[in-house]
Amino acid sequence: MAATMHEEERETAELVANEMHRLGLDLGLDWGLDWGLASASGKLATYVSLVVRWGRRINLTGRPEAAAFVQRQLPDGLMLAARLMSTTTTQEPVSLLDVGTGAGVPGLVVGLLCPHAKVTLVERNQRRCSFLRTAIFELGIQCDLFDKDLEQVASQLVPAQVSLACSRATWP
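**Q** Sorry, what's going on with the overall build of the protein here?
**A** Tallying secondary structure elements over the protein gives seven helices and four strands in all. Starting at the N terminus and ending at the C terminus, the protein contains elements arranged as α-α-α-α-β-α-β-α-β-α-β. Expressed as a percentage of the 172 residues in the protein, the buried residues total 47%. Relative to all contacts within the protein whose residues are 6 or more apart in sequence, the contacts with residues 24 or more apart total 66%. Carbon and sulfur atoms provide 51% of the accessible area of the protein, an area that totals close to 9,200 Å².

Here you go:
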């Protein structure tokens, strides 16, 4: 039996669904009656709720409001996930390196929506890493997290195994 979301998460799920509609995305997700955590829509709503809750305590996104996050930051992850879902197969999984991931966009979103992708997150801020560990655990995402600068972990990353690298706010 699927767990029931709180009203805030239900509203957040609606925000996410509306943003996806605005972007013209249909990721094959169930946006209907199943609001349980097991559904991808439920996991996205839970992720956004985690960002908002943690954002009130530590600086994750600048503005700890669900609507602002869904409209300004989440689209980067949604668009990348949509692209990866349309161009990759389980026989040729993508390997994403997200450097300076902050609140986990796009890495965690890709990990949620593309479970076949190998996602590696690099974030040096320890408070943000605490958030990322919590989100990874609560959402059941399979990914690697390095809590150091890219320069410090570069030797542990095999370039041939990274098919896509991204960084939204690491370099000027």
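**Q** What exactly am I supposed to notice about the environment of Asp76 here?
**A** Position of Asp76 relative to the elements: it lies in helix H4 (residues 74-87). When sequence neighbours within four positions are dropped, the list of residues in contact with Asp76 reads Val105, Pro106 and Arg168.

**Q** In this structure, what is going on with H4? I would like to understand it.
**A** Note that an α-helix has 3.6 residues per turn; residues three or four places apart therefore point the same way. The terminal C-alpha atoms of H4 lie 20 Å apart, and with 14 residues this matches the ideal 20 Å at 1.5 Å per residue to within 8%. Here H4 has its buried residues at Leu74, Pro75, Gly77, Leu78, Leu80, Ala81, Ala82 and Leu84. Buried residues along H4 sit against helix H1 (7-23), helix H2 (40-55), helix H3 (66-72), strand E1 (95-99), helix H5 (107-113) and strand E4 (164-166).

**Q** So what exactly am I meant to see when it comes to the nonpolar core here?
**A** Note that soluble globular proteins tend to have their nonpolar side chains buried in a common cluster. Tyr47, Val48, Leu74, Leu108, Val110 and Phe131 are the most contacted members of the largest nonpolar core, which totals 42 residues. Elements supplying a minimum of two residues to this core: H1, H2, H3, H4, H5, strand E2 (118-122) and helix H6 (126-139). Here this core takes seven residues from H2, the largest share from any one element. The contact partners of Val110, leaving out residues within four places of it in the chain, are Gly77, Leu80, Ala81, Leu84, Leu96, Ala117 and Val119. By size, the runner-up hydrophobic cluster in this structure holds six residues, among which are Leu97, Val99, Val122 and Phe146.

**Q** So what exactly am I meant to see when it comes to the packing of H1 against H4 here?
**A** Geometry of a packed helix pair, given as the angle between the helix axes and the separation of the axes. Following both chains from N to C, one finds H1 and H4 inclined at 60 degrees, their axes separated by 11 Å at the closest point. By the angle class used here, H1 and H4 are oblique. Considering only the axes of H1 and H4, their crossing is right-handed. Within the contact between the two elements, H1 uses Val16, Glu19, Met20 and Leu23 and H4 uses Leu74, Pro75, Leu78 and Met79. The residue makeup of the contact of H1 with H4, split by class, is seven nonpolar, no polar and one charged.

**Q** Before we go on, may I ask you to explain the sheet that holds E2 in this structure?
**A** What links the strands of a sheet is backbone hydrogen bonding, and the strands pair in either a parallel or an antiparallel sense. Reading across the sheet, the four strands line up as E3-E2-E1-E4 and stay open at both edges, with parallel pairing between neighbours. If you trace the sheet from one side to the other, it starts and ends with strand E3 (143-146) and E4, each paired once. On average, each strand axis in the sheet is inclined to that of its neighbour by 15 degrees, with strand direction left out of account. Pairing geometry for E2 and E3, over four bridges, is parallel.

**Q** Please clarify how unusual backbone geometry should be interpreted in this entry.
**A** Backbone phi values are negative for most residues with the exception of glycine, while trans is the configuration of most peptide bonds. With omega at 10 degrees, the peptide bond leading from Val105 into Pro106 counts as cis. Note on placement: Pro106 falls in the loop between E1 and H5.

**Q** In this structure, what is going on with the packing of aromatic side chains? I would like to understand it.
**A** Between two aromatic rings, the relevant description is the distance of the centres plus the angle of the planes. By the definition in use, this model includes two aromatic pairs. Summarising the aromatic geometry, the rings of Trp54 and Phe131 are spaced 5.8 Å apart at their centres and angled 65 degrees between planes, so their arrangement reads as edge-to-face. Here Trp54, found in helix H2, pairs with Phe131, found in helix H6; they are 77 residues apart in sequence, far enough to count as distant. Taking NZ or CZ as reference, Arg57 lies 4.7 Å from the ring centre of Trp54, over its face.

**Q** What is the right way to look at the pairing of E1 in this model?
**A** In regular strands, side chains alternate between the two faces of the sheet. E1 sits mainly inside the fold: five of its five residues count as buried. Here E1 shows two buried faces, one formed by Ser95, Leu97 and Val99 and the other by Leu96 and Asp98. With five bridges connecting them, E1 and E2 associate as parallel partners. For Leu97, the partnering residue across the bridge sits in E2 and is Thr120.

What counts and what doesn't
- Residues numbered from 1 in each chain as written.
- Predicted model: local features only at pLDDT ≥ 70, side-chain atom pairs only at ≥ 80, totals over all residues.
- Heavy atoms only, no water.
- Helix = DSSP H or I, 4+ residues; strand = E, 2+ residues; numbered from the N terminus.
- Buried < 20%, exposed > 50% of the residue type's maximum accessible area, 1.4 Å probe, protein only.
- Contact = heavy atoms within 4.5 Å.
- Areas by Shrake-Rupley, 256 points an atom, 1.4 Å probe, with all protein chains shown as cover.
- Expected span 1.5 Å × (residues − 1).
- Core = buried A, V, L, I, M, F, W, Y, C linked by side-chain atoms within 4.5 Å.
- Axes fitted to C-alpha atoms, helices over the stretch in contact; angles between N-to-C directions.
- Parallel < 35°, antiparallel > 145°, perpendicular 65-115°, else oblique.
- Left-handed = near helix turned anticlockwise from the far one by under 90°.
- Nonpolar A, V, L, I, M, F, W, Y, C, P; charged D, E, K, R; others polar.
- Pairing = 2+ DSSP bridges.
- Phe/Tyr/Trp six-rings, centres within 6.5 Å; stacked < 30°, edge-to-face > 60°.
- Lys NZ or Arg CZ within 6 Å of the ring centre and 35° of its normal.

Geometry only, nothing functional implied.
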